[in-house]
Amino acid sequence: VTGTPHGEESPSVRGGALGRALRRVAADRVLHREADTMGFYVCVTLFAAMASRDDFAAHRPRDLVVLIGLSTMGLALAHWMALTVATQLVPDALEHHRTGDVLVAHLLLPGIAAVTTSIVVLSVPNDFRLLAGRLTAAALLAVLIGVEVRRTRRSGRQAMGLAALAFAGAAGIAVLKRLVF
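Residues numbered from 1 in each chain as written. Predicted model: local features only at pLDDT ≥ 70, side-chain atom pairs only at ≥ 80, totals over all residues. Heavy atoms only, no water.

**Thoughts on the pattern of salt bridges**
- Scanning all chains against the criterion turns up 8 salt bridges.
- One salt bridge connects Arg24 with Asp101, and the closest N-O pair in it is separated by 2.6 Å. Of this pair, Arg24 sits in helix H2 (residues 16-27) while Asp101 sits in helix H5 (residues 99-123), placing them 77 residues apart in sequence.
- Taking the relative accessible area as the measure of exposure, Arg24 reaches 28% and is therefore partly exposed.
- Put simply, Arg178 and Asp55 hold a salt bridge, and the shortest N to O gap is 3.8 Å. Of this pair, Arg178 sits in helix H7 (residues 156-180) while Asp55 sits in the loop between helix H3 (29-51) and helix H4 (61-89), and the two are 123 residues apart along the sequence. No difference in accessibility class separates Arg178 from Asp55, as the two residues are buried.
- In this structure, a network of salt bridges that share partners links the residues Asp55, Arg134, Lys177 and Arg178. (Salt bridge = Lys/Arg side-chain N within 4 Å of Asp/Glu carboxyl O. Helix = DSSP H or I, 4+ residues; strand = E, 2+ residues; numbered from the N terminus. Buried < 20%, exposed > 50% of the residue type's maximum accessible area, 1.4 Å probe, protein only.)

**A short note on the side chain of Ser118**
- Of note, Ser118 is situated in helix H5.
- Relative accessible area serves as the criterion here: at 14%, Ser118 is assigned to the buried category.

**Remarks on the confidence of the model for the chain**
- Residues of the chain with pLDDT of at least 70 account for 90%, and the chain-wide mean is 86.
- For the chain, the element scoring lowest by mean pLDDT is helix H1 (residues 11-14), at 49; H5 scores highest, at 94.
- This model gives residues 1-13 a pLDDT under 50, and the stretch forms 13 contacts once residues within four places in sequence are excluded. (pLDDT = per-residue confidence, 0-100. Contact = heavy atoms within 4.5 Å.)

**Let's talk about the nonpolar core**
- Residues Leu46, Phe47, Met50, Leu64, Leu67, Ile68 and Val121 are the most contacted members of the largest nonpolar core, which totals 15 residues.
- Contributing elements (two or more residues each) for this core: H3, H4, H5, helix H6 (129-151) and H7.
- When near neighbours in sequence (up to four residues on either side) are disregarded, Ile68 contacts Leu46, Met50, Ala114, Thr117, Ser118 and Val121.
- Among the nonpolar cores identified, the runner-up in size contains 9 residues, and Val25, Leu31, Leu83 and Val104 belong to it. (Core = buried A, V, L, I, M, F, W, Y, C linked by side-chain atoms within 4.5 Å.)

**Observations regarding the side chain of Arg129**
- Looking at where Arg129 falls in the secondary structure, it is placed in helix H6.
- Although Arg129 is buried, it makes no salt bridge; Asp127 carries the closest opposite charge, 8.8 Å away. (Lys, Arg positive; Asp, Glu negative; His and termini not counted.)

**Considerations on the layout of surface pockets**
- In this structure, the largest pocket spans a volume of roughly 320 Å³.
- When residues of the lining of the largest pocket are traced back to their parent elements, those giving at least two are H2, H3, H5 and H6.
- Across the lining of the largest pocket, the residue classes break down as 14 nonpolar, 2 polar and 3 charged.
- In this model, the second largest pocket occupies a volume close to 250 Å³.
- Lining of the second largest pocket is provided by Ala26, Ala27, Asp28, Arg29, Val30, His32, Arg33, Asp36, Glu148, Arg151, Thr152 and Arg153.
- At the level of elements, H2, H3 and H6 are the ones that each hand at least two residues to the lining of the second largest pocket.
- The greatest single-element share of the lining of the second largest pocket, amounting to 5 residues, is contributed by H3.
- Of the residues in the lining of the second largest pocket, the class split is 3 nonpolar, 2 polar and 7 charged. (1 Å grid on protein atoms, 1.4 Å probe; cavity = no way out; pocket = protein on both sides within 12 Å on 5 of 7 lines; lining within 4 Å. Points joined across faces, edges and corners; volume = space filled by probe spheres on them. Nonpolar A, V, L, I, M, F, W, Y, C, P; charged D, E, K, R; others polar.)

Spelled out as structure tokens, the structure:
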């Protein structure tokens, strides 16, 4: 069954409350910008957190997953809570949005970053976990840049070029950190 007797999609077909919130985030420029901002912010923070550790020291997988989680989801939740309080004190464009939609916007890309980076970090030998984490953060940042450049109706070539430039710069720093420190 794909619809209700009145011709509307049933909640299960639409993805329920989360699906509706995701669609609102994708359709609303302010929420979309909030999601992108958190995505960029979390990738850079995750990269820095992975760079702050000694590449050649032993790292327990659990400790790395906690580091990844706090650098992504923890940061996103802290930002959402601060933003929620700030918009109550100094109203702006976000005051007209549902709190749950803003939360979804803030957790969407950090959640993807946390899961992706955790899988990658846990899949490689211990000696390369931090480098793999930094390269994953760099790749996620590059993909986000490429997607958003493409959404601005620039050519696929421009989007790929800017994404590749972002990845090359971040990957260069990631590798340099491993070689020098």
